[in-house]
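# Structural overview
Okay, here's what each chain looks like letter by letter:
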Amino acid sequence: MAPTTSGDKTAPVNTLPPPPDSLLLPVRDPRARDLVLDYAEMHALVADLVLPIGASTYVMSAMETSRELIRHSYYRYEFATVAVTHSLFALEHVLADRLATNEPLQVLIEQATDAGLITAGLAAELDRSRLLHEKLTQGAASSAALRPNRAVEMVRAAFDAISLLLRSPSAAETTDPDVGGAQSVGRLARLWEDHLSALFPDGFRGVDFDGADLVLLDADVAGLVQRELKDGLDDTGIAYLWGCIADLDKIVPLINDEYCTSYFAILRTMAQVAAAPYIPTAT
């Protein structure tokens, strides 16, 4: 039977392309050849990235996507870095909900640490992810910045933090708001403990940026933090500490090494926490 003519002047469109002669299956990214023997081993790599109970659909979707991006970095190496940045969507959402505020991610991480919701060590790892995201945004790093096994560690930190944040609020969180000073001291002690176990960046001894020697700057901040924890800083020490913070603010954006950037960014955070009690109260 001949087709019926209608008033439609458009040509018929087949929305599905013709099937290819053979399906093109994904192949392993050659940059992943030293990571695992085959794709099946990627399952073991992400096996402990377990989705927490009680997360919203949005958070569960973002976390699962992060995990699967790492798994599929076997086929596309860049997926590992994307997985880390994607995990921050879920983290920021849960932090904002738990803290009932809409601050930038850096502030949310600091507030959660001060409140004892996450540990200082976990906060430091989350901050490394945040700094990586900033470098990607600024074009200072590429989507191939991370090996998949390093991405697993960073995404695991987001998973662990979200699991902690989804727990029921503890009695400690309902105490008097005037405990802020004690929380600040506790946070400085935790940052100091983490700093003692951190290794100085390889290859950066004797290096200076914009006139600031990295080894001396590290030692100066460490000495001032020790003094603050022990006896408190005098006026000279406070002025010296603010000078170190100014140097760190200047040099951190200039460092072109992931670990070194993270090391000195966390050093800057520790210095700022030590200096916080000496910020004049607004009148």
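Criteria and cut-off values
Residues numbered from 1 in each chain as written. Predicted model: local features only at pLDDT ≥ 70, side-chain atom pairs only at ≥ 80, totals over all residues. Heavy atoms only, no water. Core = buried A, V, L, I, M, F, W, Y, C linked by side-chain atoms within 4.5 Å. Buried < 20%, exposed > 50% of the residue type's maximum accessible area, 1.4 Å probe, protein only. Helix = DSSP H or I, 4+ residues; strand = E, 2+ residues; numbered from the N terminus. Contact = heavy atoms within 4.5 Å. Phe/Tyr/Trp six-rings, centres within 6.5 Å; stacked < 30°, edge-to-face > 60°. Expected span 1.5 Å × (residues − 1). Polar contact = N/O pair within 3.5 Å; in protein donor to acceptor, adjacent residues only side chain to side chain. Arc of directions from axis to C-beta. 1 Å grid on protein atoms, 1.4 Å probe; cavity = no way out; pocket = protein on both sides within 12 Å on 5 of 7 lines; lining within 4 Å. Points joined across faces, edges and corners; volume = space filled by probe spheres on them. Nonpolar A, V, L, I, M, F, W, Y, C, P; charged D, E, K, R; others polar.

### Digging into the nonpolar core
Core analysis: the biggest nonpolar cluster contains 38 residues, and Ile70, Leu91, Leu95, Ile118 and Leu126 have the highest contact counts within it. Elements represented by at least two residues in this core include exactly helix H2 (57-71), helix H3 (79-99), helix H4 (105-114), helix H5 (120-138) and helix H6 (148-165). Of all the elements, H6 adds the most residues to this core, at ten residues. With sequence-adjacent residues up to four places away left out, Ile118 is seen in contact with Ile109, Ala112, Thr113, Ala123, Leu126, Ala161, Leu164 and Leu165. Core analysis: the second largest hydrophobic core is formed by 34 residues, Leu224, Ile238, Ile255 and Tyr263 among them.

### Describing the packing of aromatic side chains
Throughout the structure, instances matching the rule amount to seven aromatic pairs. Members of the aromatic cluster, joined through ring pairs, are Phe200, Tyr259, Tyr263 and Phe264.

### Description of helix H10 (residues 258-275)
Between its first and last C-alpha, H10 extends 26 Å over 18 residues, near the 26 Å set by a 1.5 Å rise per residue. Among the 18 residues in H10, 15 count as buried, and that is most of the element. N-cap assignment for H10: the residue whose side-chain oxygen lies 3.3 Å from the backbone N of Tyr259 is Asp257.

### Some details on the side chain of Glu228
Note that Glu228 resides in helix H8 (residues 214-230). The residues contacting Glu228, other than those within four sequence positions of it, are Leu188, Leu233, Ala274, Pro277 and Tyr278.

### A look at helix H9 (residues 235-251)
For H9, built from 17 residues, the straight-helix expectation of 24 Å at 1.5 Å per residue is met to within 8% by its first-to-last C-alpha distance of 25 Å. Those residues of H9 that sit buried are Gly237, Ile238, Leu241, Cys244, Ile245, Leu248 and Ile251. Mapping the buried residues of H9 onto a view down its axis gives an arc of 150°, with all of them on the same face. Counted as exposed and oriented over 90 degrees from the buried face of H9: Asp235, Thr236 and Ala239. Close packing links the buried residues of H9 with strand E1 (208-209), strand E2 (212-213), H8 and H10. Measuring from the backbone nitrogen of Thr236 back to the side-chain oxygen at the start of H9 gives 3.2 Å, which picks out Asp234 as the cap.

### Let's talk about empty space enclosed by the protein
Within the structure shown, the criterion is met by one cavity of 30 Å³ or more. Here the largest cavity is characterised by a volume of approximately 100 Å³. As for the largest cavity, its lining consists of Gln106, Ile109, Glu110, Ala120, Ala123, Ala124, Asp127, Arg187, Leu191, Ile266 and Thr269. Elements supplying a minimum of two residues to the lining of the largest cavity: H4, H5, helix H7 (180-197) and H10. Across the lining of the largest cavity, the residue classes break down as six nonpolar, two polar and three charged.

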